[in-house]
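Next come the chains, spelled out residue by residue.
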Amino acid sequence: IKATPVGVNRKVRRLIQAKIPNLSKLDDVADYISGQTTSGSPAPAATSGGMSDSEAEDETSHVVLAQKYTGRGNAASQKSALKLVELGPRLRLKLTKVERGLAAGDVMYHAYIKKSASEVKKQRAKIEREAFEKKRRREEQEANVERKKQEKEEKREVKRQRKEEREKAAMDELRRG
């Protein structure tokens, strides 16, 4: 994605983006920007490589940048024109498989495997059965964890009571003795 600042004269935009034109026939940069020399005559054409900026003038590609974007003149909260630049070769893609959900749902379309309605029904029943089993095992596991916590807590309580009884017996022994 290439961004260029909008709302600036094309010549100024080229200077901002470091596309320095040939100024050898001009007296000053101001002659290039204004298009005429200090004497008032038209300035000779200064070229910068002949790249067209017509894409930046298209209103549909104008956006306000939320943050600073790479490239000169693309500051945050500033209007810029976006242009897509192709980086690599074009790819030819063929639709092979469509699933409901993300790698977890049933197959809605497959280019190579065709299933009858009864096969699809069997597969759905199997998926539902597996989901039910998974839910049942999870509940069983949670019940086991809760039971083990309860047993551990009871064991601690018994241990604490025995300790108190030993301490009480030791204190009674000391008082008598």
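In this text the structure is predicted, and so the values were computed from the model without any measurement.

Before going further, it helps to examine the overall build of the protein. Helices and strands together make up the secondary structure of the protein, namely three helices and five strands. Listing the helices and strands of the protein from first to last along the sequence gives β-α-α-β-β-β-β-α. Every one of the 177 residues in the protein was classed for burial, and the buried ones make up 14%. Split by element, the accessible area of the protein, about 15,000 Å² in all, is 54% carbon and sulfur.

Before going further, it helps to examine the pattern of salt bridges. Working definition: two side chains of opposite charge can pair if their charged atoms are close together. Applying the stated rule across the entire model yields eight salt bridges. With its nearest N and O atoms 3.1 Å apart, the salt bridge here joins Arg136 to Glu140. Placement of the pair is Arg136 and Glu140 together in helix H3 (residues 117-176), with a separation of four residues, close to one helical turn. We classify Glu140 as partly exposed; its relative accessible area is 42%. Within this structure, Glu133, Arg136 and Glu140 form a network of salt bridges that share partners.

Let us look at a nonpolar patch on the surface. Among the surface-exposed residues, Leu95, Met108 and Tyr109 lie close enough to one another that they form a single nonpolar patch of about 320 Å² accessible area. Mapped onto the fold, Tyr109 is located in strand S5 (residues 107-110). A residue is classified by how much of its surface remains accessible, and Tyr109, at 37% relative accessible area, is partly exposed.

A few words on the confidence of the model for the protein. Residues with a pLDDT of 70 or more make up 62% of the protein, whose mean pLDDT is 78. Within the protein, the lowest mean pLDDT, 66, falls on strand S1 (residues 2-5), and the highest, 94, falls on H3. For the stretch residues 47-51, pLDDT sits under 50, and the model shows eight contacts to residues farther than four places along the chain or on other chains.

Within the fold, His110 resides in strand S5. Overall, the relative accessible area of 17% leaves His110 in the buried class. Apart from the residues lying within four places of it in its own chain, the contact partners of His110 are Thr96 and Lys97.

Taken together, the side chains of Lys155, Lys159, Arg162, Lys163 and Arg166 define a basic patch exposed on the protein surface. Using a relative accessible area of 54% as the deciding quantity, one classes Arg166 as exposed.

Reading the values: rules and limits
Residues numbered from 1 in each chain as written. Predicted model: local features only at pLDDT ≥ 70, side-chain atom pairs only at ≥ 80, totals over all residues. Heavy atoms only, no water. Helix = DSSP H or I, 4+ residues; strand = E, 2+ residues; numbered from the N terminus. Buried < 20%, exposed > 50% of the residue type's maximum accessible area, 1.4 Å probe, protein only. Areas by Shrake-Rupley, 256 points an atom, 1.4 Å probe, with all protein chains shown as cover. Salt bridge = Lys/Arg side-chain N within 4 Å of Asp/Glu carboxyl O. Patch = residues over 30% accessible without salt bridge, like charges linked within 9 Å, V, L, I, M, F, W, Y side chains within 5 Å. pLDDT = per-residue confidence, 0-100. Contact = heavy atoms within 4.5 Å. Lys, Arg positive; Asp, Glu negative; His and termini not counted. Charge placed at Lys NZ, Arg CZ, Asp CG, Glu CD.

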